[in-house]
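The primary structure of each chain is shown beneath.
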Amino acid sequence: APETFEPTVDSARRVLKQYYGYDAFRPMQQDIIESILAGRDTVVLMPTGGGKSVCFQVPAVISEGTCVVVSPLIALMKDQVEALKGNGISAAYINSSVGQSEQNSIAGDCMNGHLKLLYVSPEKLLSSGFLQFLKRLKVSMFAIDEAHCISSWGHDFRPEYTQLRVLREQFPQVPIIALTATADRLTQRDIQQQLRLNEPQVFLSSFDRPNLNLIVRPGQDRIGGILEFLDRHPGEAGIIYCLSRKQCETISQKLLAKGIRAGHYHAGMTPNQRGAVQEAFLRDDIQVIVATIAFGMGIDKSNVRWVIHYNLPKNIEGYYQEIGRAGRDGAPATALMFYNFGDVMSLRDMLTKENPHLTQLNLTKLERMQQFAEAASCRRKILLNYFGETLGQDCGNCDICRNPPTTFDGTLLAQKALSAVARMRERASIGLLIDVLRGMRNQAVLSGGYDQIKTYGAGADLPYLDWYSYIHQMLNDGLLYIAYEEGYSLKITELGKEVLQGQRQLPLKKFQPAEKAEKPTRA
Ligand code: ADP
Ligand code: ZN
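Residues numbered from 1 in each chain as written. Chains lettered and ligands numbered in written order. Predicted model: local features only at pLDDT ≥ 70, side-chain atom pairs only at ≥ 80, totals over all residues.

Overview of unusual backbone geometry
Turning to step 1, where the next piece is worked out: With a phi close to 50 degrees, E146 is a non-glycine residue in the positive phi region.
Turning to step 2, where the next piece is worked out: Tracing the backbone through its elements, the reader meets E146 in the loop between β5 (139-144) and α8 (165-170). (Helix = DSSP H or I, 4+ residues; strand = E, 2+ residues; numbered from the N terminus.)

Structure, rendered in structure tokens:
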């Protein structure tokens, strides 16, 4: 007969040694296990690889009854159960791929109290009869894996997860442990509220990845920027994320045409096609994968040296997860993002259409992403702050830290821009305003008669990108705002008027070119 354990931290440590072969818990694991053994609802927010599984598996082994694990990924379920069995822990899974007779025999093992962990898909858990079946068992705890699936967003949202609140209603005495690797405050709140957790203990471990060099550069000539980047990083494997399938294919073709071993990957391809590209990337036959966010879930390639975001991502959780695919080996790696204001506008349109119920939340998340992209202070601080962490000092490994912007008195420049906005009767978009300031003679300028206004060409001494940056700073500082409903035209605020009339000074920041901020990843 298997050894029986008391539900104490001491026996937890013995189980860790006996079944997993590890000598000690990682710092947070022990506190989490204590919380679970005390019967408390518990939320675990820990990055991938942090060791979440042990946190509920060990308490499951030493508790009376069966721990029911809800997991959304059928493929991973099988792997996890096999790993447990390999360690000598009795476990099983039930999902749509398991036949009826096998389900019956698993049910029998549960009734006998032999099974320590039972993995189920949310569909199965919520299907008729299953909760009734669970009521006849001794359920030690519920572990909700990938708990962020309960909250909003994108490819990870699972509507079934929102039904999991019935667990609290039907099993008021059974503790619930929610685990996830994505953990901004909003998701965290959603998890607690939707699962109806009862004063849960929340454990948040560090999300910092100090080996990632974080860089944002303006989204002008992105392909050119990528080719230059690849020149500086010859042979290094990396992933380019973009928003649409079409874009994946076009970019990959452009890279191929320049002799780069590139391939594309998106959900519109057949499983065979996707498998082949993935394999080639793992074998280093392909150097660059151009992919939608569909790529990367469950991919284990430790020598990905860089991740490029061709567009602004939709939110910081997604960004963090995607850049996390670079530098898993701990060696220096680069996360480069292209950004310009047009990205925000197209994402706004996309989000508004995508899911009307979630628009406000998603727009808020997009705003945070935009703030990150436009930041003038340490980006890692902003990123970690989003996950509820504070970094004592600037990181020294982002573009802002490596090449801090210099501040100067930008009042005169701002007045030129504001005056042009006013003289164009607040009808100009950012691009048109810059063209007018720089004295360009294109169709939009000429047909509006803007070459006749007094400030036409008043900023011809500055390159496009400098103006671009200054106007964004003016937006962020609240001198201007964008009327989305009026063709994205720029409007002047009260604060802007004060600057225009000389009642107020405006400091501006000058940013350095991105390549200067890049950390070499090879000698
Ligand atoms: P997560 O689910 O958070 O992504 P896992 O539970 O898969 O992480 O754990 C990641 C790796 O760390 C696994 O190989 C696991 O066996 C190992 N691990 C977990 N806890 C410990 C520990 N206390 N000591 C040593 N290795 C551990
Ligand atoms: Zn920094």
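Read on for the rest.
Comments concerning the nonpolar core
Generally speaking, nonpolar side chains in soluble globular proteins are found buried as a group.
Turning to step 1, where the next piece is worked out: Residues L117, L118, I144 and I177 are the most contacted members of the largest nonpolar core, which totals 57 residues.
Turning to step 2, where the next piece is worked out: Here this core gets 7 residues from one element, more than from any other, and that element is helix α3 (residues 52-62).
Turning to step 3, where the next piece is worked out: The residues touching I144, leaving out its near neighbours within four places in the chain, are V70, L164, I176, I177, A178, L179 and L195. (Core = buried A, V, L, I, M, F, W, Y, C linked by C-beta atoms within 7 Å. Buried ≥ 20, exposed ≤ 12 C-beta atoms within 10 Å, placed from the backbone. Contact = placed C-beta atoms within 7 Å.)

Thoughts on the sheet that holds strand β8 (residues 212-218)
Turning to step 1, where the next piece is worked out: Strand order in the open sheet formed by 6 strands is β8-β13-β12-β9-β11-β10, with parallel pairing between adjacent strands. The two strands at the open ends of the sheet, each matched to only one other strand, are β8 and β10 (262-265). Each adjacent strand pair in this sheet contributes to an overall mean axis angle of 20 degrees, direction not counted.
Turning to step 2, where the next piece is worked out: Sheet strands in contact with helix α10 (residues 222-232) are β8, β9 (238-241), β12 (306-309) and β13 (333-339), and its direction is about 165 degrees off that of β13.
Turning to step 3, where the next piece is worked out: Contacting β8, β9, β12 and β13, helix α13 (residues 316-323) runs over the sheet at an angle of about 150 degrees to β12. (Pairing = 2+ DSSP bridges. Axes fitted to C-alpha atoms, helices over the stretch in contact; angles between N-to-C directions.)

Focus on the site of ligand 1
Turning to step 1, where the next piece is worked out: The environment of ligand 1 is made up of Y22, F25, R26, Q29, M46, T48, G49, G50, G51, K52, S53 and V54.
Turning to step 2, where the next piece is worked out: Top contributing element to the shell around ligand 1 by residue count: α3, with 3 residues.
Turning to step 3, where the next piece is worked out: The class makeup of the residues in the shell around ligand 1 is 4 nonpolar, 6 polar and 2 charged. (Near = placed C-beta within 6 Å. Nonpolar A, V, L, I, M, F, W, Y, C, P; charged D, E, K, R; others polar.)

A look at helix α18 (residues 411-423)
Turning to step 1, where the next piece is worked out: Here α18 spans 18 Å end to end across 13 residues, near enough to the 18 Å set by a 1.5 Å rise per residue.
Turning to step 2, where the next piece is worked out: Taken together, the buried positions of α18 are L413, A414, A417, L418, A420 and V421. Along the long axis of α18, the arc covered by the buried residues comes to 160 degrees, so they all point the same way.
Turning to step 3, where the next piece is worked out: Packing partners of the buried residues in α18 comprise α19 (430-437), α21 (464-476), β15 (480-483), β16 (489-492), α22 (494-500) and β17 (507-510). (Expected span 1.5 Å × (residues − 1). Arc of directions from axis to C-beta.)

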